[in-house]
Amino acid sequence: MSAAPDDRPEADQIHAAVVIEEEPEENPFIVIERKALIETWHGWRRPPWALNTIPRFPQSDLPVLDVFVERFIDAFAPDERIDCGSSDAIRSAGSVRMFSPLLSDAFHAVSIVYFGQFLGDWRVGFAGYNIYTRVLRRLQSALFHPEQSRSEGVFATVVLLMAYESLQHTTERALINHCIHALKLIEFRGPYSHMFGMEHLCFTELLPYWVSTALVLRAPTFLARPEWKTIPWSAEASSKDIMASLLEQVVDLPAILFQFDQLLAAKKSHPIPQVELASREAILWNSVTNLKDRLIRWKIEWVDNYPSGQPYESSMLEAEPFPVFEYHNFLTGEIVTPMYLVYPDPQLARTIGMYYAARILLASADTRSPDGDQYREQVEFARLICRSMKYYIQTVPGNMINRMAFPLRVAFDTFAEGDIERRYIGAVFQLVQRKNMLKSWGKFMPDISAKKTIQ
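Fair warning: this is a prediction, and the values are worked out from it, not measured in the lab.

Quick notes on the overall build of the protein
A count of helical and extended segments in the protein gives 19 helices and four strands. Counting every position in the protein, which comprises 455 residues, the buried fraction comes to 55%. The contacts of the protein with a sequence gap of at least 6 include a subset with a gap of at least 24, amounting to 75%. Here the protein has roughly 20800 Å² of accessible surface; of this, 56% comes from carbon and sulfur atoms.

Considering the side chain of Thr351
Mapped onto the secondary structure, Thr351 falls in helix α15 (residues 346-364). Among the residues examined, Thr351 registers a relative accessible area of 0% and is labelled buried. A distance of 2.7 Å separates a polar atom in the side chain of Thr351 from the backbone oxygen of Gln347.

Quick notes on the packing of aromatic side chains
One pass over the full model with this rule turns up 23 aromatic pairs. Here a set of aromatic residues connected by ring pairs shows up, and it is made of Phe72, Phe76, Phe107 and Tyr114.

Digging into the confidence of the model for the protein
Of all residues in the protein, 84% attain a pLDDT of 70 or more, and the chain-wide mean is 83. Here residues 1-54 is a poorly scored stretch, pLDDT under 50, and it has 70 contacts once near neighbours within four places are set aside; other chains count.

Points about the nonpolar core
The biggest cluster of nonpolar side chains holds 140 residues, and the ones touching the most others in it are Phe72, Trp210, Leu223, Leu253, Met389 and Ile401. When residues no more than four places from it in sequence are discounted, the contact partners of Phe72 are Ile90, Phe107, Val110, Ser111, Tyr114, Leu160, Ala163 and Leu167.

Things to note about the pattern of salt bridges
All told, the structure shown has 19 salt bridges when counted by the stated rule. Note that Asp66 and Arg97 form a salt bridge whose closest N and O atoms lie 3.3 Å from each other. Pair noted here: Asp66 is in helix α3 (residues 62-76) and Arg97 is in the loop between α4 (89-95) and α5 (101-119), with a separation of 31 residues, a long-range link. Among the residues examined, Arg97 registers a relative accessible area of 11% and is labelled buried. In this structure, Arg403 engages Glu205 in a salt bridge whose closest nitrogen and oxygen atoms are separated by 3.6 Å. Highlighted residues: Arg403 in the loop between α16 (371-395) and α17 (405-414) and Glu205 in the loop between α9 (197-204) and α10 (207-217), separated in sequence by 198 residues. The exposure classification of Arg403 matches that of Glu205, with both residues buried.

Description of the packing of helix α13 (residues 253-269) against helix α14 (residues 274-303)
Two elements in contact, α13 and α14, have axes whose closest approach is 10 Å; the angle formed by their N-to-C orientations is 155 degrees. Classed by the angle they form, the pair α13 and α14 counts as roughly antiparallel. Here the hand of the crossing between α13 and α14 comes out left-handed. Here Leu253, Ile256, Gln259, Phe260, Gln262, Leu263, Ala266 and Lys267 of α13 come into contact with α14, specifically with Leu277, Arg280, Glu281, Ile283, Leu284, Ser287, Val288 and Leu291. Here the residues of the contact of α13 with α14 sort into 10 nonpolar, three polar and three charged.

A word on empty space enclosed by the protein
Summed over all chains, the structure comprises two cavities of 30 Å³ or more. Space inside the largest cavity adds up to approximately 510 Å³. Contributing to the lining of the largest cavity are 29 residues, with Met162, Leu206, Tyr209, Asn402 and Arg403 lying nearest its centre. Elements that contribute at least two residues to the lining of the largest cavity include exactly α4, α7 (152-168), α8 (174-189), α10, α15 and α17. Residues of the lining of the largest cavity, tallied by class, amount to 20 nonpolar, six polar and three charged. Within this model, the second largest cavity holds a volume of roughly 80 Å³. Taken together, Phe203, Leu207, Leu223, Trp228, Lys229, Trp233, Lys240, Ala244, Leu247, Glu248 and Val251 form the lining of the second largest cavity. At the level of elements, α11 (226-230) and α12 (242-250) are the ones that each hand at least two residues to the lining of the second largest cavity. The element best represented in the lining of the second largest cavity is α12, accounting for three residues. Each residue belonging to the lining of the second largest cavity can be placed in one class, and the counts come to eight nonpolar, no polar and three charged.

Calculation notes
Residues numbered from 1 in each chain as written. Predicted model: local features only at pLDDT ≥ 70, side-chain atom pairs only at ≥ 80, totals over all residues. Heavy atoms only, no water. Helix = DSSP H or I, 4+ residues; strand = E, 2+ residues; numbered from the N terminus. Buried < 20%, exposed > 50% of the residue type's maximum accessible area, 1.4 Å probe, protein only. Contact = heavy atoms within 4.5 Å. Areas by Shrake-Rupley, 256 points an atom, 1.4 Å probe, with all protein chains shown as cover. Polar contact = N/O pair within 3.5 Å; in protein donor to acceptor, adjacent residues only side chain to side chain. Phe/Tyr/Trp six-rings, centres within 6.5 Å; stacked < 30°, edge-to-face > 60°. pLDDT = per-residue confidence, 0-100. Core = buried A, V, L, I, M, F, W, Y, C linked by side-chain atoms within 4.5 Å. Salt bridge = Lys/Arg side-chain N within 4 Å of Asp/Glu carboxyl O. Axes fitted to C-alpha atoms, helices over the stretch in contact; angles between N-to-C directions. Parallel < 35°, antiparallel > 145°, perpendicular 65-115°, else oblique. Left-handed = near helix turned anticlockwise from the far one by under 90°. Nonpolar A, V, L, I, M, F, W, Y, C, P; charged D, E, K, R; others polar. 1 Å grid on protein atoms, 1.4 Å probe; cavity = no way out; pocket = protein on both sides within 12 Å on 5 of 7 lines; lining within 4 Å. Points joined across faces, edges and corners; volume = space filled by probe spheres on them.

In structure tokens, the structure reads:
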């Protein structure tokens, strides 16, 4: 049977092909949410002639937009579990959006796109995209304004656009570019600007994203300076949790990766005198050893004595279907199917995932041991991340799964193309894309890869 001709304009056809890639799997959460949103959509009366056009969502229809915003906030800042780590930043930003037209429009853009993906309606998604492009233009102007650039509305808008890109993945590097701009804005605002309120939450709660961005850039970061480790918490608006205590050590890793890349590039570009080479390698190895020792001490203090208990192995047979993790045994070559790792709470799971990712990247810069030993250490940590994913994905509410994206991408980069572990990670990425409608996951998130570019 031949397909019916598509008489929409070519641009609309192309956009529809980009937006609608795969029908999401049905699950109770999506079914209930879609039904509620469709009822809201149908409650907003549109004239018959407008059914095949892109909706404009005029200002007079703010009540229906508020419903969309609330649904988006519930998905990206769920508050039904306190053991996943704080998720108040976006919710706090939503509570002050009426004071910033820019932030308000940013919420409208991302909420309409989120709603459009629930419906599978390209017209609704494109309406959100139109608002998004206008927000980008206005944000660019605000960032060059001496006063507006320091406002909480501009800061929150940059953060919110990161959520938009996790949903839409408009271009290959859009997500990481938003993260980089947010990191630059944080540095420009200074540590004292992140001591209170929504700005404090956007800095402390999203600190894993800021540190991950620095790791992707593989360059020294201002976050490693003493004032950035103390001043944002000095007003006691919040206390450092297990993740913040880990990141206090990990912030030194980007500088080590930078040292390693510089040394590798120098070796490739020209011969280095033996004395200079020995000196530079000694500095690098001392830095690697120091950070490795600190990370091990951190694990003993924070993880091995975790109040809620320790991770344990389980087949998790009672849970919903999930990709099966397997790997080749180094010694025998046999395919092994290990049990999954279950944690006392999601906060420990994501923190340990970040710890494993840091150890993988740190090992990649340690050239003292033979390549085989170095690679086996990285693989072991990557496999632990893989074994943790089923628990985390099936436990955290809403789109808090984004918090595990960076460790999973680090694990993905550890394995060679064709490895069964890498195929498993690809299946996990695609599962999250289908279930949570996060298009960036369906692309395997290459823009947040921290893998060295110099081979």
